[in-house]
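Structure assessment
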Amino acid sequence: MIDFSKVKARVKELTQGNKVGVIGENTKIYQDLIAEGRRLVEKAYEEKNFINRTYNLADSYGSCLFVDGKEYPNSRYYLHNLKQARTPYKYAGEEVYGREAVARFFDNFDKAQSKGRIMLVVVAAAPYARVLEDGISYGLRHNYKVLAGINTKLEELKRFYGGDVRTMIGQ
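The shown structure was predicted, so the numbers you read here are calculated from the model rather than taken from an experiment. (Residues numbered from 1 in each chain as written. Predicted model: local features only at pLDDT ≥ 70, side-chain atom pairs only at ≥ 80, totals over all residues. Heavy atoms only, no water.)

1. Considerations on unusual backbone geometry
Unlike most non-glycine residues, Asn74 shows phi in positive territory, near 60°. With respect to the helices and strands, Asn74 occurs in the loop between strand 3 (70-71) and strand 4 (77-78). The phi angle at Ala92 is positive, at roughly 50°, despite the residue not being glycine. Structurally, Ala92 is set in the loop between strand 5 (89-91) and strand 6 (94-96). Judged by its relative accessible area of 74%, Ala92 is exposed. (Helix = DSSP H or I, 4+ residues; strand = E, 2+ residues; numbered from the N terminus. Buried < 20%, exposed > 50% of the residue type's maximum accessible area, 1.4 Å probe, protein only.)

Okay, structure coming up:
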């Protein structure tokens, strides 16, 4: 997740010095951030080093923009237009479909975190994504890249906008 609550100077620059009013008026920066979210999701998946068996983890990649306590309209993005997984993945006794995991993640996201802020959230929402990334499960030979492949891109985006990056992976 990237918190852009401290972007006033950058917003002013991106809006060509026009007076910036309330957060809701900055549609150019929102469209730019939505596009960045899509690029980050695609780059993260491109950089992954796990093997797709069920495609549920792949289906759990997504991004969404939250502005001033609300999900910004039409900002939700899923890696695949159509669900790729045909069978669920069983995790902790529960059947998981990646698309449902990411949709549930965004539906249940604590939007209050974005009150007075602009937040771009990029996530791999499958509950086992964190286990793979941290390499903490029995039988794993190493840490897998789930979102780790975009760390540099996140830092670049953070510097460009003057935001704050917080890691959110899995549930």
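On we go from here.
2. Structural notes on helix 6 (residues 151-161)
Buried within helix 6 are the following residues: Leu154, Leu157 and Tyr161. Seen end-on, helix 6 carries its buried residues on one side only, within an arc spanning 65°. Along helix 6, the residues that are exposed and aim more than 90 degrees away from the buried face are Thr152 and Arg159. (Arc of directions from axis to C-beta.)

3. Focus: the side chain of Ser63
Counting through the fold element by element, Ser63 comes out in strand 2 (residues 61-67). For Ser63, a relative accessible area of 1% gives the class buried.

4. Concerning the pattern of salt bridges
Enumeration over the complete set of coordinates arrives at nine salt bridges. Between Lys43 and Glu47 there is a salt bridge whose closest N-O contact spans 3.1 Å. Taken together, the residues Lys43 and Glu47, both in helix 2 (residues 27-47) and four residues apart, mark about one turn of the helix. Note that Glu155 and Lys158 form a salt bridge whose closest N and O atoms lie 3.6 Å from each other. In this pair, Glu155 and Lys158 both sit in helix 6, three residues apart, roughly one turn of the helix. (Salt bridge = Lys/Arg side-chain N within 4 Å of Asp/Glu carboxyl O.)

5. Overview of the packing of aromatic side chains
The final tally for this structure, using the stated rule, is nine aromatic pairs. Measuring from centroid to centroid gives 6.1 Å for Phe105 and Phe109, while their planes differ by 45°, and the two rings are tilted. The class for Phe105 is buried, based on a relative accessible area of 14%. Among the aromatic side chains, those forming a connected cluster through ring pairs are Phe66, Phe105, Phe106 and Phe109. Here Lys48 stacks its cationic end above the ring of Tyr45, 5.2 Å away from the centre of that ring. Between Lys48 and the ring centre of Phe50, over which it is positioned, the NZ or CZ distance is 5.4 Å. (Phe/Tyr/Trp six-rings, centres within 6.5 Å; stacked < 30°, edge-to-face > 60°. Lys NZ or Arg CZ within 6 Å of the ring centre and 35° of its normal.)

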